[in-house]
Amino acid sequence: MISCATFFQMFVDEAKVKLRAGKGGNGCVSFRRAKFEPWGGPNGGDGGRGGDVVILCDDNTGDLRDYYFKPHWDAQNGENGKGSDMHGFNGKDAVLKVPAGTVIYSEETGMIVAELTKHDERIVLLEGGNGGWGNIHFKNSVNQAPQRANPGLEGKTGDYRFVLKTIADVGLVGFPNAGKSSLIKEITKSRPKTAPYPFTTLHPNVGVIEYPEYLDRIFMADVPGLIEGASENKGLGHRFLRHIERCKMLLFMVDMAAEDNRDPRQDYATLLNELELYDKALIEKPRVIVANKMDMPEAKANLTKFKRKYKVELLPISCLSGDGIPALLDLLYKRIKGSG
């Protein structure tokens, strides 16, 4: 059994659901019953239309946990028609709110059927059934008292998989414990967990970098640490990689302190390789490379070795002391906004 504390800590980025649109209400067979009108005609009303299943993109929805814990969602059935020409009420739609970046796959075909990326964007995923006609529609010169009405049509049903791919301007890429969470905590309003052990971050954290001087902001996603073999779904694997697919730019964070006998040059090569194996489009995204932990004694020597091997633009920083952070913020803004 999942405790309440675990529930609120969970970040759900994938869920399978069974959805059903509402059935249309049945038409009614009815006749007028009025004094001095023994041959009153038909007055059976139509059934109401079944509710649709609607997917709504909502910025106030953080993940897909609602659908992980409740996979079955039904729209309301339409009301049956009544006598005296009264039509049944239409069924209420089932409105499913999802975060921006949600992709909807059909479980039957495996194909993408919808993709929602903007707040208030909405699609009708499954249509409700039409209501049946009442017997008032079947009166004609030959049949003045029709005894028939149509039943309501069944609503459409389907099995789907919701997959969330984080939308942000900048995606942080690096090995576990490289300092990604410390950086996003330093420069945004996000407060991810930080600790001196790998895989402190277990789910994406999206923070907002404010630029008061420009009256503007950009969004940065801190995603779980990448390890060798992630493209083959090792570690957090594809759950990590899909969250950087939509980022406009990647920020590679390399640990220049080389803790745990790591080699920063090999770490960077591994990061590039895993991204390319997963999706070559990722390796073509604009990137900024930062050398973190430059306050450590070993960092300067490692930085020199790194520059000898890779002729790339490199920005030295220290999340602990704050050195290089203002320059990084300025560079990110220029790159994202196209002014540098």
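Every chain is numbered independently, its residues counted from 1 as its sequence is written. Per-residue local features are limited, in this predicted model, to residues with pLDDT of at least 70; the limit for side-chain atom pairs, both in listing and counting, is 80 or more; totals at the level of whole chains, interfaces and linings are taken over all residues. With hydrogens and water set aside, each side-chain value is computed from the structure's full complement of heavy atoms.

J.: Give me the overall build of the protein chain: which residues, what numbers.
T.: Secondary structure assignment for the protein chain yields 8 helices and 14 strands. Burial statistics for the protein chain: of 340 residues in total, 48% are counted as buried. Contacts: residue pairs with any heavy atoms within 4.5 Å of one another. In the protein chain, of all internal contacts separated by at least 6 residues, the share reaching a separation of at least 24 is 72%. Of the accessible surface of the protein chain, which amounts to about 17900 Å², a share of 51% is contributed by carbon and sulfur atoms. A helix here means a DSSP run of H or I that spans at least four residues, while a strand means a run of E at least two residues long, and both kinds are numbered starting from the N terminus. Relative accessibility thresholds used throughout: buried, under 20% of the residue-type maximum; exposed, over 50%; partly exposed, between the two (1.4 Å probe, protein chains only). Here the open area of atoms and residues is found with the Shrake-Rupley method and a 1.4 Å probe, where only the protein chains shown may cover a residue.

J.: Give me the packing of aromatic side chains: which residues, what numbers.
T.: Working definition: a ring pair exists when centres of Phe, Tyr or Trp rings (six-membered ring for Trp) sit within 6.5 Å. Plane angles under 30 degrees give stacked, over 60 give edge-to-face, the rest tilted. As enumerated under the stated definition, the model contains 11 aromatic pairs in all. Their ring planes at 55° and their centres at 5.4 Å tell us that Tyr67 and Trp73 sit as a pair that is tilted. With respect to class, Tyr67 is no different from Trp73; both count as buried. In this structure an aromatic cluster arises from ring pairing among Phe252, Tyr268, Phe306 and Tyr310. Each ring is checked for a lysine NZ or an arginine CZ that lies within 6 Å of its centre and within 35 degrees of its normal; such an atom marks a charge sitting over the ring. Here the basic side chain of Lys70 rests over the ring of Trp73, its NZ or CZ set 4.0 Å away from the ring centre. Across the ring face of Tyr105, the terminal group of Arg161 is positioned such that the distance to the ring centre comes to 4.7 Å.

J.: Run through the sheet that holds strand β10 (residues 205–211), naming residues and quoting values.
T.: Taking strand neighbours across the sheet as the criterion, the 6 strands line up as β10-β11-β9-β12-β13-β14 in an open arrangement whose pairing is mixed. Only two strands of the sheet have a single neighbouring strand rather than two, namely β10 and β14 (314–316). Put simply, the sheet's adjacent strands are angled 25° from each other on average, direction ignored. A strand pair is defined by DSSP finding two or more bridges across the two strands. Inspection of the sheet shows strand β9 (residues 170–173) paired to strand β11 (residues 216–222) by 3 bridges, in the parallel sense. Counted as the bridge partner of Gly171 is Ala221 from β11. To obtain an axis, a line is fitted to C-alpha atoms, over the contacting stretch when the element is a helix, and the angle between two such axes runs from 0 to 180 degrees between their N-to-C directions. Helix α3 (residues 180–187) rests against β9, β10, β11 and β12 (249–255) of the sheet, and its axis sits at about 160° to β11. Packed on one face of the sheet, helix α7 (residues 299–309) meets β12, β13 (287–292) and β14 and runs near 175° to β14.

J.: Can you explain the confidence of the model for the protein chain? Please cite residues and give values.
T.: Residues shown with low pLDDT carry predicted positions that ought not to be read at fine detail. Averaged over the protein chain, the pLDDT score is 84; the fraction of residues at 70 or greater is 85%. Across residues 1–9, where pLDDT falls below 50, the model places 7 contacts with residues more than four positions away in sequence or in other chains. Predicted confidence for residues 229–237 stays below pLDDT 50, and this span has 20 contacts to residues more than four positions away or in other chains. Residue-level confidence of the predictor is summarised by pLDDT, bounded by 0 at the bottom and 100 at the top.

J.: Give me the lowdown on the pattern of salt bridges, citing residues and values where you can.
T.: By salt bridge we mean one thing: a side-chain nitrogen of Lys or Arg within 4 Å of a carboxyl oxygen of Asp or Glu. Counted under the stated rule, the structure contains 18 salt bridges. The salt bridge partner of Lys16 is Glu107, with a shortest N-O separation of 3.8 Å. Of this pair, Lys16 sits in strand β1 (residues 14–20) while Glu107 sits in the loop between β5 (102–106) and β6 (112–116), and the two are 91 residues apart along the sequence. What makes Glu107 partly exposed here is its relative accessible area of 35%. In this structure, the salt-bridge partner of Glu245 is Lys165, at a minimum N-O distance of 3.1 Å. Taken together, the positions of Glu245 in the loop between α4 (237–241) and β12 and Lys165 in the loop between β8 (157–164) and β9 put the pair 80 residues apart, joining distant regions of the chain. The buried category is assigned to Lys165, whose relative accessible area is 13%.

J.: Go over the pairing of β11, please, and point to the residues and values.
T.: In the sheet, β10 pairs with β11 via 7 bridges, with the strands oriented antiparallel. Bridge assignment links Asn205 to a residue of β11, and that residue is Asp222. In textbook terms, the turn of a hairpin is the stretch between consecutive antiparallel strands, and for β10 and β11 this stretch comprises 4 residues, one of which, Leu215, has a positive phi near 50°.

J.: So what's going on with unusual backbone geometry? Residues and values would help.
T.: Phi is positive for Ser84, close to 60°, though the residue is something other than glycine. Among the structural elements, Ser84 can be located in the loop between β3 (72–74) and β4 (94–98). With a phi angle near 75°, Asp120 is a residue other than glycine that sits in the positive phi range. Among the structural elements, Asp120 can be located in the loop between β6 and β7 (122–126). Of the residues examined, Asp120 reaches a relative accessible area of 51% and is grouped as exposed.

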